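Notes for the structure review
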Amino acid sequence: MPVVEGLALYRAAAEAAALGLPVLEVGTYCGRSTILLADAARAAGVTALTVDHHRGSEEQQPGWEYHDPTVVDPEVGRMDTLPTFRRTLHAAGLEDHVVALVGRSVRVAAVWGGKLGLVFIDGGHTDEHANGDYEGWAPHVAQGGLLVIHDVFPDPAHGGQAPYRVYLRALASGAFTEVSVTDSLRVLRRTGTGI
């Protein structure tokens, strides 16, 4: 995540955390964005939640551009970013302010019962995963809370289209109103019901 997008995410998290509700991200990877959410959550006295299966999304698998062989577990031969994520939180001094939910986003969302001040969608970039993240987590965004979507590229030449389609879907729903645009990061506020 570029610095300018990270700063926009932090501002959104700080605003949303002021609602007194947890903030949640979908797509932890190694924890860079988690640090931003956790610092904002810590300042507001709430908890940051992060959901990931830690096996990498489709573009992080062997043979793809974003594959990092250093996060492959040699014993099982699959990606495992959980140890790196834990080291990231430790180094940042934020372990006490984050709850890591290890599992598939749609499965965790199906058992989640509370409202959230912010949902940051930055998980898988297929239509199946992006829509699953939106459908699972957007209903939990409290009135006045924020839905943040990363990697929104209107031009297909710049990136995948699934997050862009979810962004358009959220706007078309009438449940969310755009607050800000920072490069590929979109911040929307819940102003209506539904998804």
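The structure we're discussing is the one just above.
Treat the numbers as computed from the prediction; the structure is a model and nothing was measured.

1. Brief notes about the overall build of the chain
Helix and strand counts for the chain come out as six helices and nine strands. Over its C-alpha trace the chain gives a radius of gyration of 16 Å, about what one expects of a compact globule, namely 16 Å for 195 residues. For the C-alpha atoms alone, the extent of the chain along its principal axes is close to 50 × 40 × 35 Å. Within the chain, the fraction of its 195 residues that count as buried is 46%. Carbon together with sulfur atoms contributes 55% to the accessible area of the chain, which is approximately 9,100 Å² in total. With 15 positive and 23 negative side-chain charges, the chain shows a separation of 5 Å between the mean positions of the two kinds.

2. Notes on the sheet that holds strand β9 (residues 185-190)
Pairing in this open sheet of seven strands is mixed, and the strands run β5-β2-β1-β6-β7-β9-β8 from one edge to the other. The sheet is open, and its two borders are formed by β5 (98-102) and β8 (176-182), each paired with just one other strand. Neighbour-to-neighbour, the strand axes of the sheet open up by a mean angle of 20 degrees, direction not taken into account. Taken together, the four bridges between strand β1 (residues 23-26) and strand β6 (residues 116-121) define a ladder with parallel strand orientation. Residue E25 lies in a different strand from β6, and its bridge partner there is F120.

3. Examining empty space enclosed by the protein
Applying the stated criterion across every chain, the model contains one cavity of 30 Å³ or more. Of the residues that constitute the lining of the largest cavity, the class distribution is five nonpolar, four polar and one charged.

4. Details of the packing of aromatic side chains
Ring pairs (aromatic) are described by centroid distance and by the angle formed between their planes. Taken as a whole, this structure holds two aromatic pairs when the rule is applied. Where W112 meets W137, the ring centres are 6.2 Å apart and the plane angle is 50 degrees; that geometry is what we call tilted. One end of the pair, W112, is in the loop between α4 (105-111) and β6; the other, W137, is in helix α5 (residues 127-137), with 25 residues separating them in the sequence. The buried category is assigned to W137, whose relative accessible area is 0%.

5. As for unusual backbone geometry
Phi at H54 takes a positive value of approximately 65 degrees, unusual for a residue other than glycine. With a relative accessible area of 3%, H54 lands in the buried category. A positive phi is found at D183, a non-glycine position, where the angle reads about 50 degrees.

The rules we used
Residues numbered from 1 in each chain as written. Predicted model: local features only at pLDDT ≥ 70, side-chain atom pairs only at ≥ 80, totals over all residues. Heavy atoms only, no water. Helix = DSSP H or I, 4+ residues; strand = E, 2+ residues; numbered from the N terminus. Rg over C-alpha atoms; globule rule 2.2 N^0.38 Å. Buried < 20%, exposed > 50% of the residue type's maximum accessible area, 1.4 Å probe, protein only. Areas by Shrake-Rupley, 256 points an atom, 1.4 Å probe, with all protein chains shown as cover. Lys, Arg positive; Asp, Glu negative; His and termini not counted. Charge placed at Lys NZ, Arg CZ, Asp CG, Glu CD. Pairing = 2+ DSSP bridges. Axes fitted to C-alpha atoms, helices over the stretch in contact; angles between N-to-C directions. 1 Å grid on protein atoms, 1.4 Å probe; cavity = no way out; pocket = protein on both sides within 12 Å on 5 of 7 lines; lining within 4 Å. Points joined across faces, edges and corners; volume = space filled by probe spheres on them. Nonpolar A, V, L, I, M, F, W, Y, C, P; charged D, E, K, R; others polar. Phe/Tyr/Trp six-rings, centres within 6.5 Å; stacked < 30°, edge-to-face > 60°.

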